[in-house]
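So you can see what is in the structure, the chains are spelled out below.
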Amino acid sequence: MSDPKDDNVKSPAASTKKRFEASDAPDVPKSLSRKGYVVWFHDHGEYLGFAWNESAEEIERAHVADADHAIYFETFAQAAVASDKFISPCRVLLSRGPGKRPKLMG
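Here goes a summary of the coordinates provided.

Scoring rules and cut-offs
Residues numbered from 1 in each chain as written. Predicted model: local features only at pLDDT ≥ 70, side-chain atom pairs only at ≥ 80, totals over all residues. Heavy atoms only, no water. Helix = DSSP H or I, 4+ residues; strand = E, 2+ residues; numbered from the N terminus. Contact = heavy atoms within 4.5 Å. Areas by Shrake-Rupley, 256 points an atom, 1.4 Å probe, with all protein chains shown as cover. Polar contact = N/O pair within 3.5 Å; in protein donor to acceptor, adjacent residues only side chain to side chain. Buried < 20%, exposed > 50% of the residue type's maximum accessible area, 1.4 Å probe, protein only. Arc of directions from axis to C-beta. Patch = residues over 30% accessible without salt bridge, like charges linked within 9 Å, V, L, I, M, F, W, Y side chains within 5 Å. Salt bridge = Lys/Arg side-chain N within 4 Å of Asp/Glu carboxyl O. Lys, Arg positive; Asp, Glu negative; His and termini not counted. Charge placed at Lys NZ, Arg CZ, Asp CG, Glu CD. Pairing = 2+ DSSP bridges. Axes fitted to C-alpha atoms, helices over the stretch in contact; angles between N-to-C directions.

## Structural notes on the overall build of the chain
Of regular secondary structure, the chain possesses two helices and five strands. Reading the chain from its N terminus to its C terminus gives the helix and strand order α-β-β-β-α-β-β. The contacts in the chain between residues at least 6 apart in sequence include a share of 51% that link residues at least 24 apart. Total accessible area on the chain is roughly 7500 Å²; 52% of this is exposed by carbon and sulfur atoms.

## Some words on the side chain of S95
Tracing the backbone through its elements, the reader meets S95 in strand β4 (residues 91-96). Within the local environment of S95, its side chain forms a polar contact with the backbone oxygen of R34, the two atoms lying 2.5 Å apart.

## So, helix α2 (residues 76-83)
Among the residues making up α2, those that are buried are A79, A82 and S83. Viewed end-on, α2 has its buried residues packed into an arc of 100°, placing them on one side of the element. Where α2 is buried, its residues contact β1 (35-41), β2 (46-53), β3 (58-64) and β4.

## Examining a positive patch on the surface
Taken together, the side chains of K35, R96, K100 and K103 define a basic patch exposed on the protein surface. Topologically, R96 is positioned in strand β4. What makes R96 partly exposed here is its relative accessible area of 42%.

## Focus on the pairing of β4
Where burial is concerned, most of β4 is hidden: five out of the six residues are buried. Sheet topology places β1 next to β4; six bridges connect them, and they run antiparallel. When the bridges of β4 are listed, K35 appears paired with R96. Summarising the sheet, β4 and strand β5 (residues 103-104) pair through two bridges and their orientation is antiparallel. Note on β5: the bridge partner recorded for L94 is K103. Once β4 ends, the chain turns through six residues before running back antiparallel as β5, passing G97 with a positive phi of about 140°.

## Quick look at the environment of R101
Looking at the secondary structure, you find R101 in the loop between β4 and β5. The class of R101 is partly exposed, set by a relative accessible area of 46%. In this structure the C-alpha to C-alpha distance between R101 and V28, which are 73 residues apart in sequence, comes to 8.1 Å. For R101, the contacting residues outside a window of four places in its chain are V28, P29, K30 and R96.

## Focus on the sheet that holds β2
Strands sit in the order β3-β2-β1-β4-β5 across an open sheet of five strands; the sheet is antiparallel. Across the chains shown, the open sheet's two edge strands, defined by having one partner strand only, are β3 and β5. Each of β1, β2, β3 and β4 is contacted by α2, which is oriented at about 20° to β1, the strand it contacts most.

Written out as structure tokens, the structure reads:
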């Protein structure tokens with residue numbers, strides 16, 4: 001027998017699928033500077049890179065607007081671990097090289 005209450009319950013897989021549908025995907029940049037995996041903060045149009053911190057007087061990981069200053073990781077795992085430490089929504093892109101359209105990885 002079917003319980004009518006079960007018809008209103010959504011499975012976790014359904015909600016996960018909805019999160020990653022193509023219509024929800026942000027517009028990927030046309031190309032990146034080099035080959036590798038890049039952490040992309042799509043809401044800001046910025047990348048994970050290195051920038052000078054005046055107050056600390058050292059180079060730190062930071063959001064950078066220019067893809068030339070982004071960190072290009074060798075593996076998806078390295079980029080995913082690096083993105084875990086940021087609160088801003090971000091995705092990992094695979095850049096196949098200069099002039100080639102990057103692929104949205106996750």
